[in-house]
Amino acid sequence: MILITGGAGYIGSHCAVEFLKDGFDVLIFDNFSTGHREIIQNIQSKYKSAVFCEGDLRNKSDIDNLFKSYKIDAVIHLAAYSIVSESFNVPEKYYENNVCATINLLNSMLENSVMNIIFSSTAAVYGEPLYLPIDEKHSKKPINPYGKTKLMIENIMDDYDIAYRLKSVRLRYFNVIGADYENGLGEWHDNETHLVPIILKSALKNDFVFKIFGKDYSTKDGTCIRDYIDVRDLVAAHKLAYYYLIKNQISDVFNIGTQKGYSVKEIYEIIVEILGKKIPVEYAPKRNGDSAVLLASAKKAENLLGWRYKKTLYESIKSAYEWERYLINLKASN
Ligand code: UDP
């Protein structure tokens, strides 16, 4: 059985379905701090075998109970807080929930002889790029507390490998977008901060104006450039990483991105074109902790995992749009 922490969240829920589709026994664990019960219902309505347990990784006994109650073979660890601005305002929340909780999880794994973990890391571990595209060997100097917590966890995992041979594959995600809306899954944050859903929300609801953070970055149009990866391609990478880990029994790290960069302004313009309507926009000051450009080299994942992204930016944004409409209807009917 595979344990997926944070399985009621955006990436975790897509991950659960990716493994369920392939016939794996999946145990989803979540504390609903940012995940949603409706997502678990959507998963269980299609996959009756999916098991769900509510609990918090900060309580070691919650995790110990999981390992005592189920025969867990490997862990996919996604439970974390991931909002950069919040990580500046309340860093302790990030260090406790991301770092301390992961130590609890790793210790419980060791005590129960579960020695394989896939970990959701981030492009934020790199900080300001010294060269592009960023490969896995690039120096790691995170410029926000969120990125620091993820790098700390990667370092802890290295030390657990040296000391105990606990093997981990870390996937450094670039900017995740899109939705498996046909399976009732998508990005659902109560206080949304991410670019694509924010633009879609402002277009569909018309109750706030979308703001572009910063217009004088040293990029082609002055706005930040990011590498946008579809969540459905991202979770396919998790499955390949799982097979890689089980087969080779080595710890490793992979960037997961498309190697294509789009500026904030370009994303805005593409959404205007897809929706075929004007979306009000204004410029606002730069956001703390934003790198000017983040662009992945995903060659290593291509060569060693046999992974490559498949979805076009258009398909990803279209799916995010369908999901946003689903979410608005769901909220209206509640
Ligand atoms: N961004 C923006 N306006 C928003 C939200 C995001 O201009 O309302 C920009 C942000 O500054 C960054 C890019 O969009 O350059 C992607 O931000 P997001 O929060 O989606 O992901 P992050 O890069 O922080 O992981």
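Here's a quick rundown of the structure. Along each chain, residue indices are assigned from 1 in the same order as the chain's sequence is written. Since the coordinates come from a predicted model, pLDDT governs what is reported: local features require at least 70, and pairs of side-chain atoms require 80 or more to be given and counted, while whole-chain, interface and lining totals use all residues. Neither water nor hydrogens contribute to the side-chain values; these are computed over all heavy atoms in the structure.

Turning our attention to helix α9 (residues 264–275). Each helix is a run of H or I in the DSSP string that is no shorter than four residues. Each strand is a run of E no shorter than two, and both are numbered from the N terminus. Given a helix with a known number of residues, its expected span is that number minus one, times 1.5 Å. Taking 1.5 Å of rise per residue, the twelve residues of α9 would be expected to cover 16 Å, and the 17 Å separating its terminal C-alpha atoms lies within 8% of that figure. Relative accessibility decides the category of a residue: with a 1.4 Å probe and only protein chains considered, values under 20% of the type maximum give buried, values over 50% give exposed, and everything between is partly exposed. Those residues of α9 that sit buried are Val 264, Ile 267, Tyr 268, Ile 271, Ile 274 and Leu 275. When α9 is viewed along its axis, its buried side chains cluster within an angular range of 125 degrees and face the same direction. Contacts are residue-level and defined by heavy atoms, with any inter-residue pair within 4.5 Å sufficient. Packed against the buried residues of α9 are α7 (195–205), β8 (210–213), β10 (228–230), β12 (262–263), β13 (281–284) and α11 (313–333). It is the directions from the helix axis to the C-beta atoms that the arc portrays.

Quick look at the layout of surface pockets now. Buried and open spaces are told apart on a 1 Å grid over the protein atoms alone, a cavity being a set of points where a 1.4 Å probe fits but cannot get out and a pocket being an open set with protein on both sides within 12 Å along at least five of seven lines. Residues with an atom within 4 Å of a point are the lining residues. Grid points are joined across faces, edges and corners, and a volume is the space filled by probe spheres set on the points. Its volume calculated, the second largest pocket comes out at about 250 Å³. Within the residue set of the lining of the second largest pocket, elements represented by two or more residues are α1 (10–21) and α8 (231–248). Per-element tally for the lining of the second largest pocket: the top contributor is α8, with five residues. In this classification, the charged set is Asp, Glu, Lys and Arg, the nonpolar set is Ala, Val, Leu, Ile, Met, Phe, Trp, Tyr, Cys and Pro, and all remaining amino acids, among them Gly, are polar. Taken together, the residues of the lining of the second largest pocket sort by class into five nonpolar, two polar and eight charged.

Spatial ordering of the open sheet is given by β3-β2-β1-β4-β5-β6-β11, a layout of seven strands whose pairing is parallel. Bordering the open sheet on either side are β3 (51–54) and β11 (252–256), each of which pairs with just one other strand. Neighbour-to-neighbour, the strand axes of this sheet turn through a mean angle of 20 degrees, independent of strand direction. Note on pairing: DSSP must find at least two bridges between two strands before they are called paired. Inspection of the sheet shows strand β6 (residues 167–173) paired to β11 by five bridges, in the parallel sense. Within β11, the position partnered with Arg 172 by the bridge is Asn 255. Packing against the sheet, helix α2 (residues 37–46) makes contact with β2 (26–30) and β3, and its axis sits at approximately 160 degrees to β3. Comment: axis = line fitted to C-alpha atoms, over the contacting stretch for helices; angle = value between 0 and 180 degrees taken between N-to-C directions.

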